[in-house]
Amino acid sequence: MLSAADALDFLLSAVDPIAETQVLPTLEANGRVLVAPQISRLDVPPMDNTQMDGYAVRAADCVGGAARLKVAQRIPAGQVGQELQPGTAARIFTGAMIPQGADTVVMQEQCELEKAEDGDIVTIRHSPRAGEWIRRTGEDIKAGSVILPAGARLRAQELGLAASVGLADLPVVRKPRVAVFFTGDELVMPGESLKPGAIYNSNRFTLRGLLESLGCDITDYGIVPDSLQATRDTLRRAAADHDLIITSGGVSVGEEDHIKPAVEAEGRLNLWQIAIKPGKPLAFGDITRTDRNGRAYFIGLPGNPVSSFVTFLLFVRPFILRLQGVTAVMPRAFDVRADFAWTKADRRNEFLRAKINEKGGLDLFANQGSAVLTSTVWGDGLIDNPPGRTITQGDLVRFIPFSELLY
């Protein structure tokens, strides 16, 4: 059995990123992956502007902290003022362009306004330095600089950054086409009657939700009967139009586990079983397309719901990201104090469900069984516990938050 690290390296080395691209409106590109670096054609901000509501003045006119200046103009955001004359002030509002002649802004809280028949007078109760409360041209982005690299996965903040330099469209990788199906004659769908020996198919909901969060186009073949021929037929159909096929269940070594022989009959199996807990029976290979050249990647996940969830996060998520051309696919992990003891070491790499407590340490879910899906809802992430290691209360452990794994 491969270690978790070696298995992931193997999967990622096998990926050929999707070559097909499309251009999308920036407003519609959330979650997609850039295929080319994006370069700004302008400075941001494009002009000196004020960070505050207040008065644009010359610092030299305000020495002493009680200068009285005539308010000569009013400059809302989006308008261009006139050149500021010595001994005058301009009423100015956040985001407005600094008029020529002004070199500082005094916030309105430090000013007193007097109404007069021949014009308003403002008293500046501050001795400003030149440049106060002014955003300088290009202080955020310089024209010609790369704002987003190729392979960046676009989140809300990347879309905002692209929009800030006027990019109305973005070149992205097309969505991965992923087929899923689920094996097990015991599986039924919520809403159906639960007969003796049957269980509801929770994995269908979990895996589809995870795939949707990664921006995949999903074809769901549902529950496939526990037979070799049905499994082969579904693999063959799925391979025709998809980049990746994901299954859940049937990857162990029992008489009713048909995934392994079906994949070997329709393609090849390159990886079988990983030294992790939960999730040992994980399979990777590819299915040959019979109607045209090429192949569809195959990943077979365990049937136990926690095992399926954990192995998706650790292996399928980075695989799909790399398929889209993302380079940085590894989640960040943090050293966090264990406020519990784990006295039984395992020969496999364990991934324990844990929750951050009010003291900043980690509490462990009481039942770490591979079928206890409650632990994934209760927990804040996974403790990556190396093989053969026990944990003593107070030890620092490697913690991977779900926030690093679920986007």
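Up top you'll find the structure we're talking about.
Thresholds, definitions, all that
- Residues numbered from 1 in each chain as written.
- Predicted model: local features only at pLDDT ≥ 70, side-chain atom pairs only at ≥ 80, totals over all residues.
- Heavy atoms only, no water.
- Helix = DSSP H or I, 4+ residues; strand = E, 2+ residues; numbered from the N terminus.
- Rg over C-alpha atoms; globule rule 2.2 N^0.38 Å.
- Buried < 20%, exposed > 50% of the residue type's maximum accessible area, 1.4 Å probe, protein only.
- Contact = heavy atoms within 4.5 Å.
- Lys, Arg positive; Asp, Glu negative; His and termini not counted.
- Charge placed at Lys NZ, Arg CZ, Asp CG, Glu CD.
- Phe/Tyr/Trp six-rings, centres within 6.5 Å; stacked < 30°, edge-to-face > 60°.
- Arc of directions from axis to C-beta.
- Pairing = 2+ DSSP bridges.
- Axes fitted to C-alpha atoms, helices over the stretch in contact; angles between N-to-C directions.
- Disulfide = S-S within 2.5 Å.
- Polar contact = N/O pair within 3.5 Å; in protein donor to acceptor, adjacent residues only side chain to side chain.
- Parallel < 35°, antiparallel > 145°, perpendicular 65-115°, else oblique.
- Left-handed = near helix turned anticlockwise from the far one by under 90°.
- Nonpolar A, V, L, I, M, F, W, Y, C, P; charged D, E, K, R; others polar.
- Core = buried A, V, L, I, M, F, W, Y, C linked by side-chain atoms within 4.5 Å.
- Salt bridge = Lys/Arg side-chain N within 4 Å of Asp/Glu carboxyl O.

Participant: Go over the overall build of the protein chain, please, and point to the residues and values.
Facilitator: When helices and strands are tallied, the protein chain shows 8 helices and 26 strands. For the protein chain, whose C-alpha radius of gyration is 30 Å, the value lies well above the compact-globule estimate of 22 Å for 407 residues. Its C-alpha atoms put the protein chain at 95 × 55 × 40 Å along the principal axes. Classification of the 407 residues of the protein chain by burial places 48% in the buried group. If you take every contact in the protein chain between residues at least 6 apart in sequence, the share linking residues at least 24 apart comes to 69%. Both charge centroids of the protein chain, one from 43 positive and one from 49 negative side chains, sit 2 Å from each other.

Participant: Please set out the packing of aromatic side chains residue by residue, giving values where relevant.
Facilitator: The full count for this structure, using the stated rule, is 6 aromatic pairs. Relative to Tyr 297, the ring of Phe 284 has its centre 6.4 Å away and its plane inclined at 20 degrees; by these criteria the two rings are stacked. One end of the pair, Phe 284, is in strand S20 (residues 283–288); the other, Tyr 297, is in strand S21 (residues 295–301), with 13 residues separating them in the sequence. There is no split in this pair, since Phe 284 and Tyr 297 are both buried.

Participant: Please provide a residue-by-residue account of helix H1 (residues 4–13), values included.
Facilitator: Of the positions making up H1, those classed as buried are Ala 4, Ala 7, Leu 8, Leu 11 and Leu 12. Here the buried residues of H1 occupy an arc of 130 degrees about the axis, which is enough to place them on one side. Turned more than 90 degrees off the buried face of H1, the exposed positions are Ala 5 and Ser 13. Residues of H1 that are buried in the fold lie against strand S18 (267–272), strand S19 (276–277), S20, S21, helix H6 (305–323) and strand S23 (349–356).

Participant: Now, about the sheet that holds strand S17 (residues 244–248): what can you tell me, with residues and values included?
Facilitator: Pairing in this open sheet of 6 strands is mixed, and the strands run S16-S13-S17-S21-S20-S18 from one edge to the other. Looking at which strands have only one partner, the edges of the open sheet turn out to be strand S16 (217–224) and S18. The mean angle between the axes of side-by-side strands here comes to 20 degrees, regardless of whether they run parallel or antiparallel. Note that S18 and S20 share 5 bridges and pair antiparallel. Bridge assignment links Trp 272 to a residue of S20, and that residue is Ala 283.

Participant: Explain the environment of Met 330 to me, using residue names and the numbers behind them.
Facilitator: Locating Met 330 in the fold gives a position in the loop between H6 and strand S22 (334–337). With 192 residues separating them in the primary sequence, Met 330 and Gly 138 have C-alpha atoms 33 Å apart.

Participant: Pulling in residues and values, what's your account of the side chain of Arg 204?
Facilitator: Relative to the elements of secondary structure, Arg 204 occurs in helix H3 (residues 202–213). Residues contacting Arg 204, with those up to four places away along its chain left out, are Phe 182, Met 189, Asp 220 and Gly 222.

Participant: Could you give me a rundown of the state of the cysteines, with the residues and numbers involved?
Facilitator: Within this structure, the stated rule accounts for 0 disulfides. The thiol of Cys 111 is unpaired, and the distance to the nearest cysteine sulfur, on Cys 62, comes to 8.1 Å. Judged by its relative accessible area of 12%, Cys 111 falls in the buried class.

Participant: Any details on the side chain of Thr 26? Residues and values, ideally.
Facilitator: Position of Thr 26 among the secondary structure elements: in the loop between strand S1 (21–25) and strand S2 (38–39). Among the polar contacts listed, one links the side chain of Thr 26 to the backbone nitrogen of Asp 169, at a separation of 3.4 Å. Every residue in contact with Thr 26, bar those within four places of it in the chain, is listed here: Leu 159, Ala 162, Leu 167, Ala 168, Asp 169 and Leu 170.

Participant: Run through the packing of H3 against H6, naming residues and quoting values.
Facilitator: Two elements in contact, H3 and H6, have axes separated by 11 Å at closest approach and are oriented at 20 degrees. The orientation of H3 with respect to H6, classified from their angle, is roughly parallel. Two packed elements cross with a definite hand, and for H3 against H6 that hand is right-handed. Residues Ser 202, Asn 203, Thr 206, Leu 207, Leu 210 and Leu 211 of H3 pack against Pro 305, Ser 308, Phe 309, Phe 312, Leu 313 and Ile 320 of H6. Among the residues making up the contact of H3 with H6, the classes are represented as 8 nonpolar, 4 polar and no charged.

Participant: Summarise the nonpolar core; cite the residues concerned and give the values.
Facilitator: Ranked by internal contacts, the top residues of the largest apolar core, which has 47 residues, are Ile 246, Phe 312 and Phe 315. Listed by contribution, the elements that provide at least two residues to this core are H1, strand S13 (177–183), H3, S17, S21, H6 and helix H8 (402–405). For this core, the element with the highest residue contribution is H6, accounting for 12 residues. Every residue in contact with Phe 312, bar those within four places of it in the chain, is listed here: Leu 207, Leu 210, Leu 211, Leu 214, Ile 246, Leu 301, Arg 317 and Ile 320.

Participant: Could you give me a rundown of the pairing of S20, with the residues and numbers involved?
Facilitator: Where a strand is regular, its side chains alternate between the two sheet faces. Where burial is concerned, most of S20 is hidden: 5 out of the 6 residues are buried. Bridging between S20 and S21 involves 6 bridges; their strand directions are antiparallel. Looking across to S21, one finds that Ala 283 is bridged to Gly 300.

Participant: So, helix H4 (residues 228–241): which residues are in play, and what are the values?
Facilitator: Every buried residue of H4 is listed here: Ala 230, Thr 231, Thr 234, Leu 235, Ala 238, Ala 239 and Ala 240. Next to the buried residues of H4 lie S13, S16, S17, helix H5 (259–266), S20 and S21.

Participant: Before we move on, can you summarise the pattern of salt bridges with the specific residues and values?
Facilitator: Per the stated rule, a full pass over the model turns up 23 salt bridges. One salt bridge connects Arg 295 with Asp 286, and the closest N-O pair in it is separated by 3.4 Å. Residue Asp 384 pairs with Arg 398 through a salt bridge whose shortest N-O separation is 2.6 Å. On the criterion of sequence distance, the pair formed by Asp 384 in strand S25 (residues 381–385) and Arg 398 in strand S26 (residues 396–401) is long-range, its members being 14 residues apart. Taking relative accessible area as the criterion, Asp 384 reaches 15% and is therefore assigned buried. In this structure Arg 398 comes out as partly exposed when scored by relative accessible area, which is 36%.

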